[in-house]
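Coordinates in review
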Amino acid sequence: MSEIAANASPKSKGRLYAPWVLFVLACVSLVNYYDRNLISILVEPIKHDLHISDTEIGLLTGLAFAVVYSFVGVPVARLADRFGRTRVLTSAITLWSAMTIATGMTSSFATMALARLGVGAGEAGGLPTTHALASEYFSANRRGTALGVIAFFAAAGVSLALVAGGQISDRFGWRTAFYVGGAAGLAIALLMLFTIRDAPRDVDPEAPATSQTPSFGSAIRTLWGRRAYAHLCLGLAWGAFGSYALLTWTPAFFMRAYHMTAGQVGTSYGSVFALSSLGAVLVGGLMADMLKRWDERSPFWLLILAFGLGVPGGLMTFLVHDYKLVLLVSLPLNVVQALWVAPAYALVQNLSGSPLRATGAALFMMIVNIIGLGFGPSAVGLISDLLKPYVGSFSLGLSLIIATLTFVPAVIHFMLATRTVRKDIEAAAAT
């Protein structure tokens, strides 16, 4: 975790600087995912306070966030690749944190939608730039572990949103939970501003020092020409459709099915989610690094395993009618939402190459988020409203079962990607 170029900036010459960079980026990931996912545990109090439907909640958690997040991500990543990743990331944190605070101040669906658009615009510069910056400080052999640490803190952010967000909502109201997240983000932005610097581009031993950032059109053609990269994007788009839908709506399903409060579900389900997802993220990153040395296709086998287990796990979670048993059988589903993260992100970086790190991550996230984050939660909310006259209170559960089936085409794309991944990684390393 300390493989830094000898010619790094003055602050980066110490042996502990790379771990410090990783720690700060992990904190960025923590507040990023807390702010992004907080709304999932607050669905019921927000619905009752603002008098909005499941379809409108789906739009707030899906399209209102994902469209801006996805389309802004690529141009912001281009700015980061060209003009400095640290400055772009600091600005992004500041924006999304301020808009998270604004979310807590909203009084209607329209004003909350505008605030979510702002959060999406800010977070568009978060994940791709974070991954690109981390990848410049860690070689390919350590990259999966480094990104796994960042993903671990992301999963911790989701868990914190469920547990702490639910408890804050029960005690102080749902608005306070947004204020806390926004304030923490602004503090992290100051930490970034005063302690983190970009690494020189030749820190990556796989990239020639003379490599230049290609034009946007050339970058897209290059990335999409690597078939493993294309199948990874398409597979995760399908997988994220179901995964984001489940992440957004599962707490609300438990509250409705078992007549529980946000704090009760957040504490019980959030604890189980943390136990399974945090472990899966760390294991995924470590396994990706270890298995990669044996076979470049190994990270894709981890994705196949994760989403393959998700189908029976999802069916059991929403068909069993005992809450304690549901918490137990939900473990495989939580693993799905975490095990794929570090291997997928490492694959994106390895398939992109040094000149296109942020661009490759942003294009990946644009595709995944438009289809997955944009339409997954929105579709489940819409289907739930449409099915309610026919199946009553189980309409949300049935919608979530349908969403789980999107893991099947995801597995098919990952299997296709294993055919060309070796050749595509070699092509990326040569750029």
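This text follows the structure it describes.
Residues numbered from 1 in each chain as written. Predicted model: local features only at pLDDT ≥ 70, side-chain atom pairs only at ≥ 80, totals over all residues. Heavy atoms only, no water.

Time to look at the overall build of the protein. When helices and strands are tallied, the protein shows 20 helices and 0 strands. Against the globule reference of 22 Å for 431 residues, the protein gives a C-alpha radius of gyration of 20 Å, in line with a compact fold. With respect to the principal axes defined by its C-alpha atoms, the protein has extents near 60 × 45 × 35 Å. Taken across its 431 residues, the protein has 61% of its residues classed as buried. Relative to all contacts within the protein whose residues are 6 or more apart in sequence, the contacts with residues 24 or more apart total 85%. Summed over all atoms, the accessible surface of the protein reaches about 15,600 Å², with 71% contributed by carbon and sulfur. Across the protein, the centroid of the 29 positively charged side chains sits 5 Å from that of the 21 negatively charged ones. (Helix = DSSP H or I, 4+ residues; strand = E, 2+ residues; numbered from the N terminus. Rg over C-alpha atoms; globule rule 2.2 N^0.38 Å. Buried < 20%, exposed > 50% of the residue type's maximum accessible area, 1.4 Å probe, protein only. Contact = heavy atoms within 4.5 Å. Areas by Shrake-Rupley, 256 points an atom, 1.4 Å probe, with all protein chains shown as cover. Lys, Arg positive; Asp, Glu negative; His and termini not counted. Charge placed at Lys NZ, Arg CZ, Asp CG, Glu CD.)

Moving on, we come to the nonpolar core. One finds Ile 46, Leu 232, Leu 236 and Phe 364 to be the most contacted residues of the largest nonpolar core, which totals 131 residues. Among the elements that take part in this core, helix H11 (residues 227-258) stands out by supplying 17 residues, more than any other. Ignoring sequence-local partners within four residues, the contact set of Leu 232 consists of Phe 300, Leu 303, Ala 344, Leu 347, Val 348, Leu 351, Phe 364 and Phe 414. (Core = buried A, V, L, I, M, F, W, Y, C linked by side-chain atoms within 4.5 Å.)

Further remarks concern the environment of Ser 352. Checked against the element boundaries, Ser 352 lands in helix H16 (residues 341-352). At 2.6 Å, the side chain of Ser 352 and the backbone oxygen of Val 348 are in polar contact. (Polar contact = N/O pair within 3.5 Å; in protein donor to acceptor, adjacent residues only side chain to side chain.)

So, on to unusual backbone geometry. Not every positive phi belongs to a glycine, and His 51 is a case in point at roughly 60°. Counting through the fold element by element, His 51 comes out in the loop between helix H2 (43-50) and helix H3 (54-61). Overall, the relative accessible area of 68% leaves His 51 in the exposed class. A positive phi is found at His 259, a non-glycine position, where the angle reads about 55°. By the secondary structure assignment, His 259 is in the loop between H11 and helix H12 (262-292).

Next up on the list: the packing of helix H13 (residues 298-319) against helix H18 (residues 395-404). One way to put it is that H13 packs onto H18 with a least axis distance of 9 Å and a crossing angle of 175°. Taken together, the axes of H13 and H18 lie roughly antiparallel to each other. Of the residues in H18, those touching H13 at Gly 310, Val 311, Gly 314, Leu 315, Phe 318 and Leu 319 are Gly 397, Leu 400, Ile 401 and Thr 404. Classifying every residue of the contact of H13 with H18 gives 6 nonpolar, 4 polar and no charged. (Axes fitted to C-alpha atoms, helices over the stretch in contact; angles between N-to-C directions. Parallel < 35°, antiparallel > 145°, perpendicular 65-115°, else oblique. Nonpolar A, V, L, I, M, F, W, Y, C, P; charged D, E, K, R; others polar.)

A separate point is the pattern of salt bridges. Per the stated rule, a full pass over the model turns up 5 salt bridges. Note that Glu 123 and Arg 36 form a salt bridge whose closest N and O atoms lie 3.0 Å from each other. Taken together, the positions of Glu 123 in helix H6 (residues 109-123) and Arg 36 in helix H1 (residues 17-41) put the pair 87 residues apart, joining distant regions of the chain. Residue classification places Glu 123 among the buried positions, given a relative accessible area of 0%. Here Asp 54 and Arg 256 are joined by a salt bridge, their closest N and O atoms 2.6 Å apart. Here Arg 256 lies in helix H11 and Asp 54 lies in helix H3, a separation of 202 residues in the sequence. Asp 54 sits in the buried class, given a relative accessible area of 4%. On the basis of relative accessibility, which here comes to 26%, the residue Arg 256 falls in the partly exposed class. Members of the salt-bridge network, linked through shared partners, are Glu 44, Lys 47, Asp 54 and Arg 256. (Salt bridge = Lys/Arg side-chain N within 4 Å of Asp/Glu carboxyl O.)

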